[in-house]
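# Understanding the architecture of this molecule
Read off the chains here:
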Amino acid sequence: AFDFSEVHRQEGSFLFVERPQCPPLPVCLAGDALMEPFWPEGLGIARGFLSAWDAVSTLQLWFKTTDQLVCTTHSDEAYRILKSVTAKSRDSMLKPDTEWQVDPSTR
């Protein structure tokens, strides 16, 4: 039996690992590493794909700008929206999946 009394989520989906004399290393969390799946709503695979696309979008922005604040803000906003997607809100929050691209604004 699965225990759904608690759902675990990371505080953020994107961070930087910094070491002396090295450039910052961006680290993205996606899928089950980011949000524990909640099987009763059937959103595990959808959140997994969406969080992977969010990670790719943030990394694209990082390689384009190398601006940590811009990338963190971008990632935080995408994660905020992802956390609010539920089985009941999915259709009203997300655009038709035929329009989805890596950029979170297309979803």
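Now for a look at the structure at hand.

What counts as what
Residues numbered from 1 in each chain as written. Predicted model: local features only at pLDDT ≥ 70, side-chain atom pairs only at ≥ 80, totals over all residues. Heavy atoms only, no water. Salt bridge = Lys/Arg side-chain N within 4 Å of Asp/Glu carboxyl O. Helix = DSSP H or I, 4+ residues; strand = E, 2+ residues; numbered from the N terminus. Buried < 20%, exposed > 50% of the residue type's maximum accessible area, 1.4 Å probe, protein only. Polar contact = N/O pair within 3.5 Å; in protein donor to acceptor, adjacent residues only side chain to side chain.

## Quick look at the pattern of salt bridges
What the rule picks out here adds up to two salt bridges. The salt bridge involving Arg 107 is made with Asp 54; its shortest N-O contact spans 2.8 Å. Of this pair, Arg 107 sits in the segment after α3 (90–93) while Asp 54 sits in helix α1 (residues 44–65), and the two are 53 residues apart along the sequence. Side by side, Arg 107 and Asp 54 carry an identical accessibility label, which is buried.

## Describing the environment of Asp 67
By the element assignment, Asp 67 lies in the loop between α1 and α2 (68–84). A polar contact of 3.0 Å, which involves the side chain of Asp 67, links it to the backbone nitrogen of Leu 69.

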